[in-house]
Amino acid sequence: MSLTSVCVFCGANAGTTPAYTEAAIALGTALAERKLTLVYGGGAVGLMGIVADAALAAGGEVIGIIPQSLMDKEIGHKSLTRLEVVDGMHARKARMAELSDAFIALPGGLGTLEELFEVWTWGQLGYHGKPLGLLEVNGFYSKLTAFLDHIVGEGFVRAPHRDMLQVSESPRTLLDALDQWKPTVTPKWVDQKPG
């Protein structure tokens, strides 16, 4: 599979260290340089706004998906290639997944983790065959990845499902890994037959 679009989950805050901002800029720039469309949550604040601005500044295409409630609070990005306003968070996540060939999580909070784990679960269950990854910044995800290895060891997650999550400190290396990734679970839609 050749990637054409990547969904980025990330914080609506910039975090406590400049490394997070630098990583968001590097990822947005790398996406644009590879002519990959950035799909994200449509915000103008925090790492969300930073990754979008970086992709735009490098000549990339950026599609934002934002719920009306957040648009009403005036945190929607006004300079994107396209900004879609949807009814709520469920519609936002479904639309981002529909438009994307792969998923990357930058550092972020509860929303970032929830989005990552939901799309990962969909992949585990075979609802899609799209790769996903973590952009590791200053050890931000090190405790999470250690815990994921722990739950594999405890028998709650199978190793092939754990291996669905690629991890790298380099945006370019991570994008290479996602582009070369092969699904370990046959997506359900492959086996579905019409009516």
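Before reading on, note that the structure itself is shown above.
So, here's what we can say about the structure. Just so we're clear, the structure is a prediction, and the values are computed from it rather than from any experiment.

## Let's talk about the overall build of the chain
At step 1: The number of helices and strands found in the chain is nine helices and seven strands.
At step 2: A compact globule built from 195 residues should have a C-alpha radius of gyration of about 16 Å, and the chain, at 16 Å, falls within 12% of that.
At step 3: The principal-axis extent of the C-alpha atoms belonging to the chain is close to 45 × 45 × 30 Å.
At step 4: Evaluated residue by residue, the chain yields a buried proportion of 49% over its 195 residues.
At step 5: In the form shown here, the chain has an accessible surface area of approximately 9,700 Å², with 54% of it arising from carbon and sulfur atoms.
At step 6: Positive and negative side-chain charges of the chain, numbering 16 and 21 respectively, have mean locations separated by a distance of 4 Å.

## Let's talk about the sheet that holds strand 5 (residues 102–105)
At step 1: In space, the seven strands of this open sheet follow the order 4-3-2-1-5-6-7, with parallel pairing throughout. Whereas interior strands pair on both sides, the edge strands pair on one side only; in this sheet they are strand 4 (82–86) and strand 7 (165–168). Sheet twist, expressed as the mean angle between neighbouring strand axes with direction ignored, is 25 degrees.
At step 2: Two strands pair when backbone bridges link them, and strand 3 (residues 62–67) and strand 4 are joined in this way by five bridges, in the parallel orientation. The partner of Gly64 across the bridge, within strand 4, is Leu83.
At step 3: The strands touched by helix 1 (residues 18–33) within the sheet are strand 1 (5–9), strand 2 (37–40), strand 5 and strand 6 (132–135), with strand 1 carrying the most contacts at an inclination of about 165 degrees.
At step 4: Strands in contact with helix 4 (residues 89–99) are strand 1, strand 2, strand 3, strand 4 and strand 5; relative to strand 3, the strand with the most contacts, it is inclined by about 160 degrees.

## With respect to the side chain of Thr37
At step 1: Residue position: Thr37 is located in strand 2.
At step 2: Only 3.0 Å separates the side chain of Thr37 from the side chain of Glu61, close enough to count as a polar contact.

## Details of helix 6 (residues 142–153)
At step 1: With twelve residues, helix 6 should reach 16 Å at 1.5 Å per residue; the first-to-last C-alpha distance of 17 Å fits that figure.
At step 2: Contacts from the buried residues of helix 6 go to helix 5 (110–124), strand 6, helix 7 (159–162) and strand 7.
At step 3: Gly155 occupies a position one or two residues after helix 6 and carries a positive phi of about 85 degrees.

## Some thoughts on the state of the cysteines
At step 1: Under the counting rule described, the total for this entry stands at zero disulfides.
At step 2: Between Cys7, a cysteine without a disulfide, and Cys10, which holds the nearest cysteine sulfur, the sulfur-to-sulfur distance is 9.1 Å.
At step 3: Owing to a relative accessible area of 0%, Cys7 belongs among the buried residues under this scheme.

## Some thoughts on the pairing of strand 2
At step 1: A two-sided burial pattern is seen for strand 2, the buried positions comprising Thr37 and Val39 on one face and Leu38 and Tyr40 on the other.
At step 2: Sheet analysis places strand 1 next to strand 2, joined by three bridges and oriented parallel. Its bridge partner lying in strand 2, Ser5 is registered against Thr37.
At step 3: Chirality of the crossover, the property in question, places the unit of strand 1, helix 1 and strand 2 among those that are right-handed.
At step 4: Handedness of the β-α-β unit built from strand 2, helix 2 (residues 46–57) and strand 3 comes out right-handed.

## Regarding the nonpolar core
At step 1: One finds Val6, Val8, Leu31, Leu38, Ile104, Leu106 and Leu135 to be the most contacted residues of the largest nonpolar core, which totals 30 residues.
At step 2: At the level of elements, strand 1, helix 1, strand 2, helix 2, strand 5 and helix 8 (171–180) are the ones that each hand at least two residues to this core.
At step 3: It is helix 1 that provides the largest number of residues to this core, a total of seven residues.
At step 4: Each residue touching Leu135, except ones within four places of it in the same chain, is listed here: Ala23, Leu27, Ile104, Ala105, Leu106, Pro107, Tyr141, Ser168, Glu169, Ser170, Pro171 and Leu174.

About the criteria used
Residues numbered from 1 in each chain as written. Predicted model: local features only at pLDDT ≥ 70, side-chain atom pairs only at ≥ 80, totals over all residues. Heavy atoms only, no water. Helix = DSSP H or I, 4+ residues; strand = E, 2+ residues; numbered from the N terminus. Rg over C-alpha atoms; globule rule 2.2 N^0.38 Å. Buried < 20%, exposed > 50% of the residue type's maximum accessible area, 1.4 Å probe, protein only. Areas by Shrake-Rupley, 256 points an atom, 1.4 Å probe, with all protein chains shown as cover. Lys, Arg positive; Asp, Glu negative; His and termini not counted. Charge placed at Lys NZ, Arg CZ, Asp CG, Glu CD. Pairing = 2+ DSSP bridges. Axes fitted to C-alpha atoms, helices over the stretch in contact; angles between N-to-C directions. Contact = heavy atoms within 4.5 Å. Polar contact = N/O pair within 3.5 Å; in protein donor to acceptor, adjacent residues only side chain to side chain. Expected span 1.5 Å × (residues − 1). Disulfide = S-S within 2.5 Å. Right-handed = clockwise from strand over helix to strand, strands pointing away. Core = buried A, V, L, I, M, F, W, Y, C linked by side-chain atoms within 4.5 Å.

Treat this as a map of the structure, not an account of what it does.
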